[in-house]
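These are the residues of each chain, in order.
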Amino acid sequence: MAARRWKGLPPGNLSDCPNGSRWVMDVFNECAQDGWDIASVVLGLVSIFCFAAASFPQFYQACKTGIMDRALSIYFLLGWLGGDLLNLIGSFLADQLPLQVYTAVYYVLADLVMLSLYCYYKVKNRGGGFDTQVNAAFVFLSLGTVSTVSFLGRSAAVVQDPVMFKGRSLLSAHTDELGSKLPLALQPFTGSEIIGFTIGSISSVLYLCSRVPQIYTNYKRRSTIGVSYSLFALVMLGNLLYGLSVLLKNPEPGQSEGDYVLHHLPWLVGSLGVLSLDVVISFQFLAYRRGRSGTREERDALLSEQGDILES
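It should be emphasised that the depicted structure is a prediction, and the values quoted were computed from it without experimental measurement. (Residues numbered from 1 in each chain as written. Predicted model: local features only at pLDDT ≥ 70, side-chain atom pairs only at ≥ 80, totals over all residues. Heavy atoms only, no water.)

(A) Region of interest: the overall build of the protein chain. Secondary structure summary: the protein chain contains twelve helices and zero strands in total. Moving toward the C terminus, one meets the helices and strands of the protein chain in the order α-α-α-α-α-α-α-α-α-α-α-α. Pairs at least 24 residues apart make up 77% of the contacts formed inside the protein chain by residues separated by at least 6 positions. Of the roughly 14800 Å² of accessible surface on the protein chain, 67% is carried by carbon and sulfur atoms. (Helix = DSSP H or I, 4+ residues; strand = E, 2+ residues; numbered from the N terminus. Contact = heavy atoms within 4.5 Å. Areas by Shrake-Rupley, 256 points an atom, 1.4 Å probe, with all protein chains shown as cover.)

What follows is the structure in structure tokens.
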């Protein structure tokens, strides 16, 4: 999952944003000077709601079929969690608005619930102890929790750089030694922007890589039983809307379109790349749809294997 991030101007300050929308400035500290900018903000908001709702259909599907451990790849879930954890860490490093921080926390919590369900059905259906994959999942969760708590504890004590990157925007006003603003086309990447660029790139790679094991799992099973298509449909819609929101946004004054795209490249590649892989998964749903009537048979076979293990 990915979340819309807004760069900030001083709250309620329209002096650097002539003719800007007051409500957009008050709520998001975002400079929206025309219809394109407002459309960008609205699409970004809708994308957040799509990502936020994506997990619920899979929760229902997991409880309905009881074969979540076979339907989903553990590496798909771990990659998704890794990407969301990096987004959460980035939101604290960037000292972002509460809306973005709360959204990032929610995504991580939803991922943890998904992993908990996976582990529950893994143990229930196997009828035995934790295997290597489940142990790896718990180790990953422990490290992620410790890292997150560490960043949460330090965030209040860290003095933020006034030109700190702001998540996906990576755009801020730079000044020279005399305090005057430099044209954005001439501004180099700051250390904070490089950190943000790196975090965004790694996060995008994790999101992309997470789809490959799930595509392989579907292909190996020749089935998508136990996987909710609504999960991928909502994520696809969210990534599409996010990509459009970035492309609709006007570059800052003095900034070329190429430089604007470069600053947003990791998240654009991540969103549109994940979208393309989710299209592949969509074709798998179409190709294997005839096997959906076999949900009960697959579950019975699973329980039969469990009974054989217990008897032996």
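(B) Main features of the pattern of salt bridges. Tallied over the entire structure, the rule returns two salt bridges. The partner of Asp37 in a salt bridge is Lys249, with the nearest N and O atoms 3.8 Å apart. Placement of Asp37 in helix α2 (residues 35-53) and of Lys249 in the loop between α9 (229-248) and α10 (257-263) is noted, with a sequence separation of 212 residues between them. For Asp37, a relative accessible area of 4% puts it in the buried group. Given the relative accessible area of 9%, Lys249 is considered buried. Taking the shortest distance from any N to any O, the salt bridge between Arg211 and Asp278 comes out at 2.9 Å. Of this pair, Arg211 sits in helix α8 (residues 191-221) while Asp278 sits in helix α11 (residues 265-287), and the two are 67 residues apart along the sequence. With respect to class, Arg211 is no different from Asp278; both count as buried. (Salt bridge = Lys/Arg side-chain N within 4 Å of Asp/Glu carboxyl O. Buried < 20%, exposed > 50% of the residue type's maximum accessible area, 1.4 Å probe, protein only.)

(C) The arrangement of the packing of helix α3 (residues 55-65) against α9 in detail. Axis separation between α3 and α9 bottoms out at 7 Å; the angle between their running directions is 175°. By the angle between their axes, α3 is roughly antiparallel relative to α9. Seen from α3, the contacting residues are Ser55, Pro57 and Gln58; seen from α9, they are Ser230, Leu231 and Leu234. Residues that form the contact of α3 with α9 fall into these classes: three nonpolar, three polar and no charged. (Axes fitted to C-alpha atoms, helices over the stretch in contact; angles between N-to-C directions. Parallel < 35°, antiparallel > 145°, perpendicular 65-115°, else oblique. Nonpolar A, V, L, I, M, F, W, Y, C, P; charged D, E, K, R; others polar.)

(D) Region of interest: α9. Along its 20 residues, α9 runs 28 Å from first to last C-alpha, staying within 8% of the 28 Å computed at 1.5 Å per residue. Within α9, the full set of buried residues consists of Leu231, Phe232, Val235, Met236, Gly238, Asn239, Leu241, Tyr242, Gly243, Ser245 and Val246. (Expected span 1.5 Å × (residues − 1).)

(E) Fine view of helix α5 (residues 74-93). Between its terminal C-alpha atoms α5 stretches 28 Å, which fits the 28 Å expected from 20 residues at 1.5 Å a residue. In terms of residue burial, α5 counts as a mostly covered element, since 18 of its 20 residues are buried.

(F) How the structure looks around the nonpolar core. By size, the foremost hydrophobic cluster in this structure holds 36 residues, and its most contacted members are Met68, Leu77 and Phe232. Not counting the four nearest positions on each side in its chain, Phe232 is found in contact with Phe76, Arg211, Gln214, Val227, Asp278, Ile281 and Phe285. Listed in part, the five residues of the second largest apolar core include Tyr242, Val246, Trp267 and Leu268. (Core = buried A, V, L, I, M, F, W, Y, C linked by side-chain atoms within 4.5 Å.)

(G) Focus on the side chain of Asn125. Looking at where Asn125 falls in the secondary structure, it is placed in helix α6 (residues 98-126). Of note is the side chain of Asn125, whose polar atom sits 2.9 Å from the backbone oxygen of Gly66. Engagement of the side chain of Asn125 in a polar contact is seen with the side chain of Asp69, the distance being 2.8 Å. (Polar contact = N/O pair within 3.5 Å; in protein donor to acceptor, adjacent residues only side chain to side chain.)

(H) Highlighting the packing of aromatic side chains. Across all of its chains, the model carries eight aromatic pairs by this definition. Among the aromatic residues, those joined into a cluster by ring pairs are Phe76, Trp80, Tyr229, Phe232 and Phe285. When the ring centre of Trp80 is taken as origin, the NZ or CZ atom of Arg211, which lies over that ring, is 5.1 Å away. Just above the ring of Tyr219 sits the side chain of Arg222; from NZ or CZ to the centre is 4.1 Å. (Phe/Tyr/Trp six-rings, centres within 6.5 Å; stacked < 30°, edge-to-face > 60°. Lys NZ or Arg CZ within 6 Å of the ring centre and 35° of its normal.)

(I) Inspection of unusual backbone geometry at higher detail. In this structure, Arg222 is a non-glycine residue whose phi angle is positive, near 55°. By relative accessible area, which is 47% here, Arg222 ends up partly exposed.

(J) Seen up close, a nonpolar patch on the surface. A cluster of nonpolar side chains, Trp23, Val27, Val42 and Val46, forms an exposed patch at the surface whose accessible area comes to about 330 Å². Elements that contribute at least two residues to the nonpolar patch include exactly α1 (22-28) and α2. In this structure, Val27 sits in helix α1. (Patch = residues over 30% accessible without salt bridge, like charges linked within 9 Å, V, L, I, M, F, W, Y side chains within 5 Å.)

(K) Main features of the confidence of the model for the protein chain. Mean pLDDT over the protein chain stands at 74; residues scoring 70 or higher make up 64%. Confidence scores differ between elements of the protein chain, with helix α12 (residues 295-311) showing the lowest mean pLDDT of 52 and α3 the highest of 93. Segment residues 3-12: pLDDT under 50, and 53 contacts once partners within four positions in sequence are set aside and those in other chains are kept. With pLDDT under 50 throughout, residues 155-186 is counted as low confidence; its partners more than four residues away or in other chains account for 80 contacts. (pLDDT = per-residue confidence, 0-100.)

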